[in-house]
Structures are given as C-alpha cells and as structure tokens.
Amino acid sequence: MKRGTLHGNDGEGIDQIPVWTGVSVRAPRAFDAGIAHLLSDLNDEQLAAVTHGEGPLLVVAGAGTGKTQVITRRVAWLIAEKRAAPEQILALTFTDRAAEEMQGRVDRLVPYGYATTPIKTFHAWGDELLRENAHRLGISGELRVLSRAEVVLLLREHLFDLGLSRFLPLGDPTRFLGDIAGYFSRAKEEAIDADRIEGFAAELRLRASGAAAEAEATGNGDLAAYAAALAQLGDEHGELAVAFRAYRRLLATLGLLDFGDQVLLAYELLRDDPLVAARVRERHRWLLVDEYQDTNRLQGTLVDLLAEGRRNLTVVGDDDQSIYGFRGASIGNILSFVDRYPDASKVVLTQNYRSSAPILAAARRLVRFNDPERLEVRLGIPKELSAERSAADAPPVAFRRFRTSGDEADWIAREIKASLESGRRARDHAVLVRANIDTVEIGRSLNMADR
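Residues numbered from 1 in each chain as written. Predicted model: local features only at pLDDT ≥ 70, side-chain atom pairs only at ≥ 80, totals over all residues. Heavy atoms only, no water.

Draft legend 1. Quick peek at the overall build of the protein chain. Scanning the protein chain from terminus to terminus reveals 19 helices and 12 strands. Dimensions of the protein chain along its principal axes, counting C-alpha atoms only, are 75 × 65 × 50 Å. Out of the 451 residues belonging to the protein chain, those deemed buried represent 44%. The contacts in the protein chain between residues at least 6 apart in sequence include a share of 73% that link residues at least 24 apart. Surface summary for the protein chain: the accessible area is close to 24,100 Å², and the carbon and sulfur share equals 51%. Distance between charge centres in the protein chain, computed from 58 positive and 66 negative side chains, equals 3 Å. (Helix = DSSP H or I, 4+ residues; strand = E, 2+ residues; numbered from the N terminus. Buried < 20%, exposed > 50% of the residue type's maximum accessible area, 1.4 Å probe, protein only. Contact = heavy atoms within 4.5 Å. Areas by Shrake-Rupley, 256 points an atom, 1.4 Å probe, with all protein chains shown as cover. Lys, Arg positive; Asp, Glu negative; His and termini not counted. Charge placed at Lys NZ, Arg CZ, Asp CG, Glu CD.)

Draft legend 2. Spotlight on helix α11 (residues 261-272). Taking 1.5 Å per residue, 12 residues should reach 16 Å; α11 reaches 15 Å between its end C-alpha atoms and fits that length. Across the 12 residues that make up α11, a large majority, 10, are buried. Along α11, the residues that are buried comprise Asp-261, Gln-262, Val-263, Leu-264, Leu-265, Ala-266, Tyr-267, Glu-268, Leu-269 and Leu-270. (Expected span 1.5 Å × (residues − 1).)

Draft legend 3. Representation of the pattern of salt bridges. All told, the structure shown has 37 salt bridges when counted by the stated rule. The closest approach of N and O atoms between Arg-186 and Glu-189, which form a salt bridge, is 4.0 Å. Highlighted residues: Arg-186 and Glu-189, both in helix α8 (residues 177-189), separated by 3 residues, approximately one helical turn. For Arg-186, a relative accessible area of 37% gives the class partly exposed. Its salt-bridge partner being Asp-371, residue Arg-374 comes within 2.8 Å of it at the nearest N-O pair. (Salt bridge = Lys/Arg side-chain N within 4 Å of Asp/Glu carboxyl O.)

Here's what the structure looks like:
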C-alpha cells in the first residue's frame, strides 16, 4: 500500500489530495451549489471518505478526528448525489444515543422529508427484521425480549428441563444460573450453536483420553491431573451444550427472545432464507457501520452477509479504541477487513480536533505497547494523530502514583481547589473514573476541601 492522490472527475481546477489508500479514490474539489454545504468544511481525508463511490471502504478514524461527521455527511452525500434513495442506506451503530445523534445530524443536513434513512443499533435493526418475518421463522410477530434478569428467572422456572447435573447442586440448585445465562449469551455473540459446543466437548474428552493413556504409561502424575481436568472440562461443556439446546427450544416454544437473539436470529434468517436475504439486500443497497472495532464475531459476520452482492460497505473504526473485548467485541473484524475485502479503499483520519499535542503524544506512546497487533504495524497505515489545537502553552500529561485511593482523592481535591482559587470555574474541571463506585471517595474529599 502507498500514499496516493485523489483526482477530480474532469481533471481541471482540482487539487491533488494526499491520502493513504489501497486503491485510487476520486473526490471532487470544486463543489456544485447543491452539495457545497456538505463538503466545503471537510479536511482532505474526510472528503475522500465522504465522497467514496461504490465498493468497500475502510475508514480508520482516530480519536477526535470527526468520524461521526464522516458517517453522517456520507449519508447526506449519497442522497444529494442521487446515488441512493434515503431508505436504501442503512447505518448501524451500538447505542440508542449514538443512533439518535447520527439521525439528528442527518436530519439537519438533508432537505425536509428526505431524512428517512434507517440509523439503528444492531439489536434494533435485528428486532425489526424478526418482527417483519416472524411467520417465516414459525413464531409470533408479538415478540417479547427478555432482560438478563428475566432469562435467569426463566431458567429457574424450567430448571429440570435443561438436562443439568454438574451445574445443579442439591444444596443450591439455582446457584449457577446467572453464569449459565452469561455462557448462553456469549455463545450467541460468537454465533456458536449447541452442535459446535458438543464438538468442542468431544475434542476435550479425546485429548483427555490421550493424556490419561500417556500418564499411565509414564507414571507422570502432573499429566494425569491435566487429563482429569480436561475430562471434567469436556463433561461440563457437554452438559452446557445440552442445556443450551434446551434453552433455545424453550424460547422458540414460548415465543420469547433474549438480547442475543435479536442479532443471532436475524443472522440465521439471512443465512438460511434466500428470499429474505435478497429482499434485505435490495432494500439496503448501501451499508455504513460505526465503531466497527467493537463489533463481535456475530455482528461482523452479519455485516458481511448484508453487504454480499453490491458490497457497498463503509466501516468506520479504530483498532486502538477497541475496549470491549470483555463483552465479546472482536478486534479481528477490523484487523482482517482488508483480507476479506482485498479491493477495499482505505482512508485514515489523522487530524484531531479534540486534544492538545501533549495528550496525543502520551496516548501514542501508551498504545504502541499493543504492537505488533495493530493496523499501523500490520498494514503499514500511518495513524499518528496531529493536533488541530496547537497551543504553545499546552500543559504536559502528568502521571501520579498514590499509596491509597484516599490519598489520590485528597490530591485531586487539593488540585481542584487550587485551580478554583486561581480564577478558574468549577465547570472547567472534570474527573474521569473507571466505575461509579470510584466517585464516592473523590466526592468525599471534594466536600471536605470545600469547607
């Protein structure tokens, strides 16, 4: 891959735009009046992403580089250029708040009456698809989605229909239900069915048998313990596979869904029903995905299934901002995008409009510890951010270490108090914490410092 240039359609009066891209991308620099308000304030890389034509596009958008602006402007540009009717564009994101913000921006960019582009979360879109095609699944269109607590209650009500043994202790038979519900949820996020779990369990038992035989022949006690652990793990997964199959059958019988079903059943419907798949692809001819680095394996596979055929797929994300691996997000989706779409255009947004240069430099030093498993290293993508805010007096990033959390909270309170006394306003300060519980001690120290 190399650094290329963008050219206008007529070659006259057009600036050459340097942009890192795998193939040439064409973007006009002289805008007609109809779309000038959409493009005139974009930087070169944003312009390349917004005005990309057909085919797959990977937009690597660093923190604070205007990724939401790129997505919403691209939606508006496709409509203004009459490349797509509003309803032929589908934008997928992760939270209702993000979807509402994107919808609001699109509403302000396109003429009244044209803002009918569906901008939804994965789960909201899947839920809508399932309700439209419930008859093809053999279920009622009046679907009810269970919360996590309701799933645990359902498992409790049907405890002895799940085929549990190891996970059904006599003294406390409901002890493991929360963990089992989490196991089922993760299996759905990974698009793993009961058959695959059973296959994995059988593989574990086979490995356990081989290790046990070797341990017996050699008298190796550690190997014998390892074989016993493998056998136990195989039995546990085998039991969970039976329970998972029973659970899914129970949901189907009762006409219920859980949170994972909204995406999983939508995926299975598109995979197994060619008519529905054809209708959906005809309806959504252009697909945009926000925060692509946070998609899990199921969502990534669903996106590929939706984009099949026309392949007008734009994904926006940044592997350096992937923080949701604990809930199933698969960074492999963005890392392998170029492998799955070798003809994809690639644009990198590197102009940061949010932070000062010292913050960007410190963040870069930190994130480089993830090398070599980063797009920058694996594909040679230059991702170093440059600060739009170039204040010469920008303070450096400071690192402090404290003996206790109480000492840290007291230091924060003293720093804020001194800052207020120097003339700054209270609203000029922010304290970021990992969890809500961490605010308690800081709040106490702030209250004490205010006396």
